[in-house]
Amino acid sequence: MSDTLRTIDPAVNGWNAEYIDAQYRAYLDDPSSVSADMRQFFQGYDLAASSGATAPASAGPPGNAVTQARVWQLIEKYRDHAHHGSAIDPFGRERSRPKAISLEANGLSEADLDASFDPGTLPLPNPSTLRDIVAFLDRAYLGTTAFQFTHIDRDDEREWLRERIERSPQELSRGERSHVLYQLHRSELFELFCGKRFPGVKRFSLEGLESLIPMLDRIVEDGGDRYDVDEVVLAMSHRGRLNVLTNIVGKTYEQIFTEFDDAWKADAEEGGGDVKYHRGFSASRVLPSGKHVWLAMSSNPSHLESVAPVAIGRCRAKQRVRGDLGRQKVFPVIMHGDAAFIGQGVVAETFNMAQLPGYTVGGTIHIVVNNLIGFTTGPDDGRSSDYCTDIAKMIGAPILHVNAEDPEACVRAAIIALDYRMTFNRDVVIDLVGYRRHGHNESDEAAYTQPLLYAEIKKKPSVVTGYAQRLLEAGVIQQADVDTIKNDLGENLDKAYLSARETPVDPTPDPGHQRWVGLKRSFSHEHVDTGVHNDDLRDISKALGSWPESFTPHRKLIKTLEARTANVHEGNPLDWATCEQLAVGSLLIQSVIVRMSGQDSRRGTFSHRHAVLRDINNAEEYVPLNHIREMGVAGDPEREVGTVDEDGRLRQARYCIYDSPLSEFSVLGFEYGFSLSSPNMLVLWEAQFGDFVNSAQVIIDQFIASAESKWHRWSGLTLLLPHGYEGQGPEHSSARLERFLKLSGQDNWQVIYPSTPAQYFHALRRQVLRNFRKPLIVMTPKSLLRYTPSFSRVNELQPGTSFEEVIDDPNFSGAGADKSGVKRLLLCSGKVYYDLIKRREESGRDDLAIVRVEQLYPLYLERLKDVCDSYANKTETAWVQEEPGNMGAWGHMALSFMEAWGWELPLIGRESSASPATGSPKRHAEELEAILTDAIGPAEPDEASANQNASQPKASVA
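Residues numbered from 1 in each chain as written. Predicted model: local features only at pLDDT ≥ 70, side-chain atom pairs only at ≥ 80, totals over all residues. Heavy atoms only, no water.

Thoughts on the sheet that holds strand β10 (residues 428-433)
How we decide: By this definition, two strands are paired if DSSP reports at least two bridges between them. Every helix listed is a DSSP run of H or I at least four residues long, and every strand listed is a run of E at least two residues long, numbered separately from the N terminus. Between the N-to-C directions of two axes lies an angle of 0 to 180 degrees, each axis being a line fitted to C-alpha atoms and, for a helix, fitted only over the stretch in contact. Note on contacts: a residue pair qualifies if any of its non-hydrogen atoms lie within 4.5 Å across the two residues.
With mixed pairing, the eight strands of this open sheet are ordered in space as β3-β9-β10-β8-β7-β4-β6-β5. If you trace the sheet from one side to the other, it starts and ends with β3 (145-148) and β5 (281-286), each paired once. Each neighbouring strand pair of the sheet contributes to a mean axis angle of 20 degrees, computed without reference to strand direction. Bridging between β3 and strand β9 (residues 399-403) involves four bridges; their strand directions are antiparallel. In the sheet register, Phe147 faces β9, and the bridge partner there is Leu400. Along the sheet face, helix α9 (residues 241-249) touches β4 (231-235), β5 and β6 (292-297) and points at about 165 degrees away from the line of β6.

Below, the structure is given as structure tokens:
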């Protein structure tokens, strides 16, 4: 019926009885002779007639059939438009009744109110008077909850929501209502206590939106008891965070009061920590039923919505760990601010991932904590849409706007949202419409910019006061009950406050608990043997060049894939893609799951990886590395494995590699969140070009670089950033190496620029085989992917080999090598090394050594000094790089040399520039020639060449 009504909406007002009569006769003769909308209308009419309505007296329906159609249209208009008139304003200000739901707009009048009509799918007697139909629709759609759901194009979901909205609302029991009041008191008294004990201290209180607490409480309890949920991942910005942490997640009053007093010194003494309203927390909550639900609140910086993809990625990882393929055991609840929800683009990026295979978590419950204002900006200046939640329409998510002053309606909205999410595994949005009693923070004067709004707020009693009076009048509770709640909660707060003053409590959970047990915090340069036995390498390479007989890869790929097998078996040079796949495969057969995502990652931006093959006949996918050995858990694509096969060998884990949407911010946030709950996986994110990492700078700065220092959160995430100057212009040259080095401190991560595939192989393996986790930033190659001199041999991957932070010049590092003739020592990293050794060979110089610094941070100073000191007779040391002087690694290296040894380190490279690279290939070549000439000399050291090079631009030599 709903589908029928949706199709007739546009035309029904233009119909008349004669027209309908003629169309109905044609329909009776041949249903296909009338338009689809008319056909559906007559089918509905016949259905109504067969259920007891008066049959038409003539060959066609009587004139009141038009009126019946208009009644059905009115019902649909309520479903479509009534939300504009619902009583969701927390101040009780009347909203205009939408014209679309007026009788007149639908061709009806008051004269029709006492006539009887078929109410369609409404749960009313058939027939019912129009008066009863309108009264029912007013109760369902114009109350304190407004529903937006008709934009959903999935019929089953739309009908499910319609039925839930239009059924008689289930009243909360006496006990449930008392519990709601208790939760409201917990919320309000916590804020009042903090305001009294810590006046003027920022806490970003929840006052005005206290109903959030009973909503979350109901989601957690119903999730655990009705759906057997094991974990809920929460995320939110600062508004109300402390309240949620203590009243929902389980952070103790003592821990929060310790933070208010700044009494826990360990974080500050270590140079880290964060303000209390940014920190996360995790704890197990025991429900009244005895069910345990683990609650994890993600830490979040002031970049409000940046935490959304992080929390969703974290949820996805938790689902994987539990083998939750149905995505019913773990789900996320993300709370947003109204201004940020519509204003920040990462929200749209995150919604876009909601149903993508590599990123879905089976639906997120979004709650907009709507205080009708941003910092000082109102809706008129903050958005172009009617609601701050209109962004959610892009994925067809239902939206429930609910008045925060009606706690019971809020709880019912939470129940509907949870049921929808668990039924359909899709996102749902609750817009909790309230206000903030204070300014942006407690010392801010909001009336400067919002005088009318804050005049209303100033005279408004709290929701707790109003709801308590409502329950008193209904006889649900007695005044003595209210007094007992207040007194008990007040005593608990006072007791905790005094206790925290006397004995401060560590406010931060141990980062090494649960899945992180056995891992350490401190970084170490200690080498880990990451070599792999030759038999295993052969097994992996065999899989790389094999596929089922029924599978047909692209003919151009067959030679490349078969060569990967042959090169390992025959001892030929191995390119970067092969070594990467060998590293991944070697981890898989050690039962380590590998997850990679990024734009075009499955094929590889530079058409080099081909980790996922497609059958040219039917486009079916085949992942060679998932067929090295028997898979650990059949039919379970993402669960951790540790079982052995019949030969006693570990069954392999799965390679989960995904092409991401065209986003850096949200996808990198997702992968970072995933890494927070996956210490025993290798999690990689690859940028299409390293330059594009700019778009994810918030995630890098606020999370990856600083989370351990601020929040004690560990991560082993690996970033693969294509980097190198090949004359491709400013946006295809630099991964902004200098930015990562500027953010380096306190051993917060590792930054490497490997020069060989073997080094890359070992770096990937050691990332997950060491006894600590630090993010890994890898400057990966572009042109070197196919540059044969950079390739490695199988023996460089075998046992006894490992990643080398510093690589001495092979011309001078063998047994008995004579370094006494070296007069100049060049230090470099990455691709420029091959330009330098080629120029050295061309120039015939044998008095010059080239040392590679493969790991730029943490810099292995002891090893580097030993190598430099071994060239005792050198007269000059310099750093050579492709990047301009104000970019690249030179600033970091020069400062490190000066701080460690008081040595100056001159630069040979491009001059400082506002842009990473020139857009002219010719100019690029000239600049490279200048660098090589200044570093080593002309290719042919004769007078003609010297004169020719005199006209070339000079490299920067600092």
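Re the packing of aromatic side chains
To describe a pair of aromatic rings, one takes the distance between the centres and the angle between the planes. Operational definition: Pairing of aromatic rings covers Phe, Tyr and Trp, the last through its six-membered ring, and needs centres within 6.5 Å; plane angles under 30 degrees mean stacked, over 60 mean edge-to-face, and all others mean tilted. Think of it in three bands: residues with accessible area under 20% of the maximum for their type are buried, residues over 50% are exposed, and the middle band is partly exposed, with areas taken using a 1.4 Å probe on protein chains only. Any Lys NZ or Arg CZ that is within 6 Å of a ring centre and within 35 degrees of that ring's normal is treated as a charge sitting over the ring.
Evaluated as defined, the whole model comprises 31 aromatic pairs. Between Phe198 and Tyr497, the ring centres sit 5.8 Å apart and the planes meet at 70 degrees, which makes this aromatic pair edge-to-face. Separated by 299 residues along the polypeptide, Phe198 in the loop between α7 (174-197) and α8 (212-227) and Tyr497 in helix α19 (residues 479-502) bring together distant segments of the chain. With a relative accessible area of 5%, Phe198 lands in the buried category. Measuring from centroid to centroid gives 5.2 Å for Tyr420 and Phe424, while their planes differ by 45 degrees, and the two rings are tilted. One end of the pair, Tyr420, and the other, Phe424, are both in helix α16 (residues 407-424), four residues apart, so they sit about a helical turn from each other. Like Tyr420, the residue Phe424 is buried in the burial classification. By way of ring pairs, the aromatic residues Phe190, Phe193, Phe198, Tyr253, Phe257, Phe260 and Tyr497 are connected into one cluster. Taking the ring centre of Phe674 as reference, the NZ or CZ of Arg595 above it sits at 4.8 Å.

Topic: the pattern of salt bridges
Our working rule: A pairing counts as a salt bridge when a side-chain nitrogen of Lys or Arg comes within 4 Å of a carboxyl oxygen of Asp or Glu.
Applying the stated rule across the entire model yields 62 salt bridges. When the shortest N-O distance is used, the salt bridge between Glu191 and Arg203 registers 2.9 Å. With Glu191 in helix α7 and Arg203 in the loop between α7 and α8, this residue pair connects regions lying twelve residues apart in the sequence. A residue is classified by how much of its surface remains accessible, and Glu191, at 2% relative accessible area, is buried. With a relative accessible area of 6%, Arg203 lands in the buried category. Residue Asp808 pairs with Lys819 through a salt bridge whose shortest N-O separation is 2.7 Å. Here Lys819 lies in the loop between β19 (806-807) and β20 (824-828) and Asp808 lies in the loop between β19 and β20, a separation of eleven residues in the sequence. The exposure class assigned to Asp808 is buried, which follows from its relative accessible area of 11%.

Some points on the environment of His238
Assignment of secondary structure puts His238 in the loop between β4 and α9. Aside from chain neighbours lying at most four places away, what touches His238 is Arg203, Phe204, Tyr277, Leu304 and His440.

A look at the sheet that holds strand β16 (residues 718-722)
The pairing of strands in a sheet comes from backbone hydrogen bonds and takes either a parallel or an antiparallel form. An order of β14-β11-β15-β16-β18-β17-β22 is seen for the seven strands of this open sheet, with the pairing classed as mixed. Unpaired on one side and paired on the other, β14 (655-659) and β22 (855-857) mark the two borders of the sheet. If you compare each strand with its neighbour and ignore which way they point, the axes differ by 20 degrees on average.

Some points on the pairing of strand β18 (residues 776-780)
Of all five residues in β18, five are buried, a share of seventy percent or more. On β18, burial covers both faces: Leu776, Val778 and Thr780 on one face and Ile777 and Met779 on the other are all buried. Across five bridges, the pairing between β16 and β18 is parallel. Of the residues in β18, the one forming a bridge with Leu720 is Val778.

A closer look at the side chain of Asn403
Short version of the rule: Throughout this description, a polar contact denotes any pair of N or O atoms lying within 3.5 Å of each other; where both atoms belong to protein, one of them has to be capable of donating a hydrogen while the other can accept it, and for residues adjacent in sequence the pair is counted only when both atoms sit in side chains.
Here Asn403 lies in strand β9. At 2.9 Å, the side chain of Asn403 and the backbone nitrogen of Glu405 are in polar contact. If we skip the residues at most four places from it in the chain, Asn403 touches Ala87, Ile88, Asp89, Pro90, Thr144, Cys410 and Val433.

Describing the nonpolar core
Which entries qualify depends on this criterion: Buried Ala, Val, Leu, Ile, Met, Phe, Trp, Tyr and Cys residues that are joined via side-chain atoms within 4.5 Å together make up what is termed a nonpolar core.
Tyr655, Leu721, Phe740, Leu836, Trp879 and Met893 are the most contacted members of the largest nonpolar core, which has 134 residues in total. The contacts of Trp879, once residues within four sequence positions are left out, are Leu827, Cys828, Ser829, Val853, Leu856, Ala889, Trp890, Met893, Leu905, Pro906, Leu907 and Ile908. Formed by 86 residues, the second largest nonpolar core is a distinct cluster that contains Ile101, Ala140, Leu212 and Leu295.

Considering the confidence of the model for the chain
Spelled out, the test is: Residue-level confidence of the predictor is summarised by pLDDT, bounded by 0 at the bottom and 100 at the top.
A residue-level look at the chain finds 91% of positions with pLDDT of 70 or above and a mean pLDDT of 90. Scored below 50 in pLDDT, residues 50-63 makes 19 contacts in the model with residues more than four places away or belonging to other chains. This stretch, residues 943-954, has a pLDDT under 50; its non-local contacts, to residues over four places away or in other chains, come to 14 contacts.

A closer look at the environment of Gly585
Tracing the sequence through the fold places Gly585 in helix α22 (residues 576-588). Spatially, the C-alpha atoms of Gly585 and Asn680 are 15 Å apart, while their sequence positions differ by 95 residues. Each residue touching Gly585, except ones within four places of it in the same chain, is listed here: Ile540, Leu625 and Ile628.

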